[in-house]
Amino acid sequence: MQTTRRLLFILNLLFVMALAFGVVMVFMPQSLADIDRTAEGDPVDRELLSKVNRAILSGNSFKCSEKDLNDHLRLVIHAREASGFDIFSEFKHILVRLNDDSMDIIFEREVLGFKSTVSATLTLDVYIEGTSRKVAVKVIGGRFGRLPVTRNFVGLIRKALVNVGNVLVPEKEVLSGLEGIKVTDGWLILNPHVGSQLPIGEY
């Protein structure tokens, strides 16, 4: 009996320690040092969407860097915030980390003076529905702070992800003309709908 009580005590202690560790990890923001972006105050390219559109319409693939993508998001999210992004009362940034075959969408906020991060890991795939092409976005996981979570927990920020889509309407219209999207480490490669594969142009 005493051995059983001791075992239960140890198990309960381990559970409490694991729970406390998880809470600490949630409140510790993930490191953003590896994300490529222009420093605050430095000039950024304001013509990215136009360049993508011109490349796609001319039948050329477009290779977009992680840096250019984050700079573009910084510009347009704040410019279009009033049209459906008011959920973020303490919103600071949306950042993208481009991995091999997936991308992280990171929401950076400030809560009571402390930085907080929540992220979703997504995959992108172009598919045909009727006579039009659409981009399928699949959530495969994420992080609350530094704590990895499954796709079911990422559902807690589904409204935030939907709002991002609502803000990026012009970008989605441009993407509707794609044959495929490839995500590699630090790069987003956009391939237009053409009869043959053309060389990738860096614009």
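Sequence order sets the numbering: in each chain, residues are counted from 1 along the sequence as written. Owing to the predicted nature of the model, reporting of local features is limited to residues with pLDDT of at least 70; listing and counting of side-chain atom pairs is limited to 80 or more, with chain, interface and lining totals taken over all residues. Think of the side-chain values as coming from all heavy atoms in the structure, minus any hydrogens and water.

### Considerations on the overall build of the protein chain
For clarity, the cut-off: Helix and strand assignments come from DSSP, with helices taken as H or I runs of at least 4 residues and strands as E runs of at least 2, each series counted from the N terminus. Classification of residues uses two cut-offs on accessible area relative to the type maximum, computed with a 1.4 Å probe and protein chains only: under 20% is buried, over 50% is exposed, and between them is partly exposed. Any two residues whose heavy atoms approach within 4.5 Å are treated as being in contact. Working definition of accessibility: Shrake-Rupley area with a 1.4 Å probe, residue cover restricted to the visible protein chains.
When its secondary structure is counted, the protein chain shows six helices and nine strands. Each of the 203 residues in the protein chain was classed as buried or not, and the buried ones make up 37%. Within the protein chain, residue pairs in contact and separated by at least 24 positions form 56% of the contacts whose partners lie at least 6 positions apart. For the protein chain, the computed accessible surface area is about 12,300 Å², with 59% contributed by carbon and sulfur atoms.

### Observations concerning helix H2 (residues 48-57)
Rules: In this context, the arc is that of the directions from the helix axis out to the C-beta atoms.
Of the positions making up H2, those classed as buried are Leu-48, Val-52, Ala-55 and Ile-56. Down the axis of H2, the smallest arc covering the buried residues is 95°, so these residues share one side. Residues of H2 that are exposed and point more than 90 degrees away from the buried face comprise Arg-54 and Leu-57. Backbone geometry just after H2 places Gly-59 at a positive phi near 85°.

### Let's talk about the nonpolar core
As a reminder, the rule being used: Throughout this description, the term nonpolar core refers to a set of buried Ala, Val, Leu, Ile, Met, Phe, Trp, Tyr and Cys residues connected via side-chain atoms within 4.5 Å.
Core analysis: the biggest nonpolar cluster contains 35 residues, and Ile-94 and Leu-188 have the highest contact counts within it. Excluding residues within four positions of it along the chain, Leu-188 makes contact with Phe-62, Lys-63, Cys-64, Leu-69, Leu-98, Leu-124, Ile-181, Lys-182 and Val-183.

### Considering the pairing of strand E4 (residues 114-129)
Where we set the bar: Any two strands with at least two DSSP-identified bridges between them are counted as paired.
Relative to E4, strand E3 (residues 102-111) runs antiparallel, the two being bridged by nine bridges. Opposite Met-103, over in E4, you have Leu-122 as the bridge partner. Between the end of E3 and the start of E4, which pair antiparallel, lie two residues, with Leu-112 showing a positive phi angle near 55°.

### Let's talk about helix H5 (residues 158-167)
Among the residues of H5, those classed as buried are Ala-160, Asn-163, Val-164 and Val-167. End-on, the buried residues of H5 take up no more than an arc of 105°, which puts them together on one face. Residues of H5 that are exposed and angled more than 90 degrees away from the buried face: Arg-158 and Lys-159.

### Observations regarding the confidence of the model for the protein chain
Caution is warranted with low-pLDDT regions, since their predicted coordinates should not be read in detail. Just so we agree on the cut-off: On a range of 0 to 100, pLDDT expresses the predictor's confidence in each residue.
Counting all residues, the mean pLDDT for the protein chain is 81, and 83% of those residues have values of 70 or more. When the criterion is pLDDT under 50, residues 82-89 qualifies, and its contacts beyond four places in sequence or with other chains add up to 15 contacts. Segment residues 195-203: pLDDT under 50, and 19 contacts once partners within four positions in sequence are set aside and those in other chains are kept.

### Re a nonpolar patch on the surface
What counts, and what does not: Patches were defined on residues exceeding 30% relative accessible area and lacking a salt bridge, with like-charge contacts within 9 Å and nonpolar side-chain contacts (Val, Leu, Ile, Met, Phe, Trp, Tyr) within 5 Å. The term salt bridge refers to a side-chain nitrogen of Lys or Arg lying within 4 Å of a carboxyl oxygen of Asp or Glu.
Nonpolar side chains collect at one region of the surface, where Leu-7, Leu-8, Ile-10, Leu-11, Leu-13, Leu-14 and Met-17 lie side by side and expose about 660 Å² of accessible area between them. Among the structural elements, Leu-7 can be located in helix H1 (residues 2-27).

### What about the packing of aromatic side chains?
Any two aromatic rings considered together are summarised by their centre-to-centre distance and by the angle between their planes. To be explicit about the condition: Each pair of aromatic rings taken from Phe, Tyr and Trp, with Trp reduced to its six-membered ring, is defined by centres within 6.5 Å and is described as stacked if the planes are under 30 degrees apart, edge-to-face if over 60, and tilted in the remaining cases. Comment: the charge-over-ring label is applied if NZ (Lys) or CZ (Arg) is within 6 Å of the ring centre and within 35 degrees of the ring normal.
Here the structure, examined in full by the defined rule, presents zero aromatic pairs. Lying over the aromatic face of Trp-187, Lys-63 brings its terminal NZ or CZ to 4.5 Å of the ring centre.

### As for the pairing of strand E7 (residues 178-184)
Counting buried positions over the seven residues of E7 gives five, a clear majority of the element. The pairing of E7 with strand E8 (residues 187-192) spans six bridges and is classified as antiparallel. Counterpart to Leu-178 in the pairing with E8 is Pro-192. The loop that links E7 with its antiparallel partner E8 comprises two residues; one of these, Gly-186, has a positive phi angle of about 90°.

### Looking at unusual backbone geometry
Most peptide bonds adopt trans geometry, and most residues besides glycine take a negative phi value. Within the chain, Asp-101 stands out as a residue other than glycine whose phi angle is a positive 75°. Following the sequence through the fold, Asp-101 ends up in the loop between strand E2 (91-99) and E3. Taking the relative accessible area as the measure of exposure, Asp-101 reaches 54% and is therefore exposed.

### Focus: the environment of Val-76
Locating Val-76 in the fold gives a position in helix H3 (residues 66-79). Sequence separation between Val-76 and Val-167 is 91 residues, and the spatial gap between their C-alpha atoms is 8.3 Å. Excluding its chain neighbours within four sequence positions, the residues that come into contact with Val-76 are Val-167, Leu-168 and Glu-171.

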